[in-house]
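Residue strings, one per chain:
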Amino acid sequence: MSQDDPKTLVSTEWLEAHLTNPDLRILDASWYLPDAQRDPKAEYDAGHIPGARFLAMDDVSDARSELPHTAPPVEKFMSRMRALGVGDGHQVVVYDGAGLFSAARIWWLFRLMGKTDIAVLDGGFRKWQAEGREIEDLPPVIRDRHMTVQRQAHLIKDVTQVAAAAKLGVPQVVDARSPSRFRGEDPEPRPGLRAGHIPGSSNLHYASLLAEDGTMKPIPELRAAFEAAEVDLSKPVITTCGSGVTAAILSLALERIGHRDHSLYDGSWSEWGMYDGLKVATG
């Protein structure tokens, strides 16, 4: 049985079968942590899925924020999408070069803007290439398309809302960082941040939701992973991580298993770990 769902996740087979659809728009949203020493735009220029447009994470971030790549104002999102020829009536498929990493953040950002016709390419460019599917190095032909946006405020949480959740235990806060960072054993990659986690939060490392080839695990295994992390799937969830990128992988997985009541803490640990007034738990 195919698990393809154009609102969450589609396979490389699905994408190849739909490549000639005039209303399909493909985005390469590759982004890496600095220690990866990879240049996503150079990699895109060297080869990408036919018709894909390159979307830099910082191009759809709020430049006024001191925090890394937080959600942009609606107008900025609309103008960036328009420049890429992405608009109303398009089915969007977003991928990245890592397998399934930064693409989930762009999926979540589209949802925040009220656009649900977007799926992440399962396994990303890595799987597409490994399967010997067609790639090209040509720039896409861009045609302007109007986009209507309705921001979905319930999908995003700020520090005040998360502090209240941490105190009350509702919604549950689930952290996508590695167990060693969650416990406060490893230093944070961003300088100046305290080590540890939001008090009362659960830990579900995003990598545990992915198979070795970078694809997302089957739905029953996703459900089991949340349950093993003691997440009550009958209650609302706030996802968090280091800077709001891998939290979106948890959000995508929740959507996959039919858990609709989730939101993302956009500031994540980059914000929480910075302010001494906020309590930090370790261990």
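As shown above, the structure is provided for reference.
Here we summarise the structure given alongside this text.

About the thresholds
- Residues numbered from 1 in each chain as written.
- Predicted model: local features only at pLDDT ≥ 70, side-chain atom pairs only at ≥ 80, totals over all residues.
- Heavy atoms only, no water.
- Pairing = 2+ DSSP bridges.
- Helix = DSSP H or I, 4+ residues; strand = E, 2+ residues; numbered from the N terminus.
- Buried < 20%, exposed > 50% of the residue type's maximum accessible area, 1.4 Å probe, protein only.
- Right-handed = clockwise from strand over helix to strand, strands pointing away.
- Contact = heavy atoms within 4.5 Å.
- Salt bridge = Lys/Arg side-chain N within 4 Å of Asp/Glu carboxyl O.
- Polar contact = N/O pair within 3.5 Å; in protein donor to acceptor, adjacent residues only side chain to side chain.
- Core = buried A, V, L, I, M, F, W, Y, C linked by side-chain atoms within 4.5 Å.
- Axes fitted to C-alpha atoms, helices over the stretch in contact; angles between N-to-C directions.
- Parallel < 35°, antiparallel > 145°, perpendicular 65-115°, else oblique.
- Left-handed = near helix turned anticlockwise from the far one by under 90°.

**Side note on the sheet that holds strand E9 (residues 237–240)**
Spatially, E6-E10-E9-E7-E8 is the arrangement adopted by the five strands of the open sheet, whose pairing is parallel. Sheet topology places strand E6 (156–157) and strand E8 (202–203) at the edges, where each strand pairs with a single neighbour. Two strands pair when backbone bridges link them, and E9 and strand E10 (residues 262–265) are joined in this way by three bridges, in the parallel orientation. Residue pairing across strands places threonine 239 opposite leucine 264, the latter belonging to E10.

**Focus on the pairing of E10**
Residues His262 and Leu264 line one face of E10 and the alternating positions Ser263 and Tyr265 line the opposite face, and both faces are buried. When E6 meets E10, the two strands line up parallel, connected through two bridges. Residue pairing across strands places lysine 157 opposite tyrosine 265, the latter belonging to E10. Handedness of the crossover joining E9 and E10 through helix H9 (residues 247–256) is recorded here as right-handed.

**A few points about the environment of proline 40**
Its place among the elements puts proline 40 in helix H2 (residues 40–46). Excluding residues that lie within four positions of it along the chain, proline 40 makes contacts with Ser30, Trp31, Tyr32 and Phe54.

**Some thoughts on the pattern of salt bridges**
What the rule picks out here adds up to 19 salt bridges. The shortest N-O distance in the salt bridge between arginine 133 and glutamate 13 comes to 3.5 Å. Here the residue arginine 133 occupies a position in the loop between helix H5 (124–130) and E6, and glutamate 13 occupies one in helix H1 (residues 12–18), the gap between them amounting to 120 residues. Taking the relative accessible area as the measure of exposure, arginine 133 reaches 15% and is therefore buried. With a relative accessible area of 43%, glutamate 13 lands in the partly exposed category. Note that aspartate 23 is salt-bridged to arginine 145, the shortest N-O span being 3.1 Å. Taken as a pair, aspartate 23 in the loop between H1 and strand E2 (24–28) and arginine 145 in the loop between H5 and E6 lie far apart in primary sequence, 122 residues in all. Each of the salt bridges in this network shares a partner with another, and the network as a whole consists of Glu13, Glu16, Lys127, Glu131 and Arg133.

**A word on the side chain of serine 30**
Looking at the secondary structure, you find serine 30 in the loop between E2 and H2. Of the residues examined, serine 30 reaches a relative accessible area of 6% and is grouped as buried. Polar side-chain contacts of serine 30 include one of 2.7 Å to the side chain of aspartate 28. In terms of polar contacts, serine 30 uses its side chain to reach the backbone amide nitrogen of glycine 97, at 2.8 Å. In this structure serine 30 touches Pro40, Phe54, Tyr95, Asp96, Gly97 and Ser102, once residues within four positions along its chain are discounted.

**Here's the deal with the nonpolar core**
In this structure, Trp108 and Phe110 are the most contacted members of the largest nonpolar core, which totals 56 residues. Sorting the residues of this core by element identifies helix H3 (74–83), strand E4 (91–95), helix H4 (102–112), strand E5 (118–121), helix H8 (219–228) and H9 as the ones contributing at least two each. The leading source of residues in this core is H4, at eight residues. Excluding residues that lie within four positions of it along the chain, tryptophan 108 makes contacts with Ala71, Leu155, Ile156, Ala248, Leu264 and Asp266.

**A look at H9**
The α-helix advances 3.6 residues per turn, and as a result positions three or four apart in sequence lie on the same side. Extensive coverage of H9 is indicated by the burial of 10 of its 10 residues. Of the residues making up H9, those classed as buried are Ala247, Ala248, Ile249, Leu250, Ser251, Leu252, Ala253, Leu254, Glu255 and Arg256. In the stretch just after H9, glycine 258 is the one whose phi turns positive, near 85°.

**A few points about unusual backbone geometry**
The amide bond that connects valine 170 to the next residue, proline 171, takes the cis arrangement and shows omega of -10°. Within the fold, proline 171 resides in the loop between helix H6 (159–168) and strand E7 (172–175). With a phi angle near 30°, histidine 69 is a residue other than glycine that sits in the positive phi range. Summarising the element assignment, histidine 69 is placed in the loop between strand E3 (53–54) and H3. Histidine 69 sits in the buried class, given a relative accessible area of 7%.

**Some remarks on the packing of H4 against H9**
Where H4 contacts H9, the two axes come as close as 8 Å, and the packing angle between them is 65°. By the criterion of interaxial angle, the relationship of H4 to H9 is roughly perpendicular. When you trace H4 past H9, the crossing you get is left-handed. Residue-level contacts link Ala104, Arg105, Trp107, Trp108 and Arg111 of H4 to Ala248, Ile249, Ser251, Leu252 and Glu255 of H9.

Nothing here speaks to function; it is all geometry.
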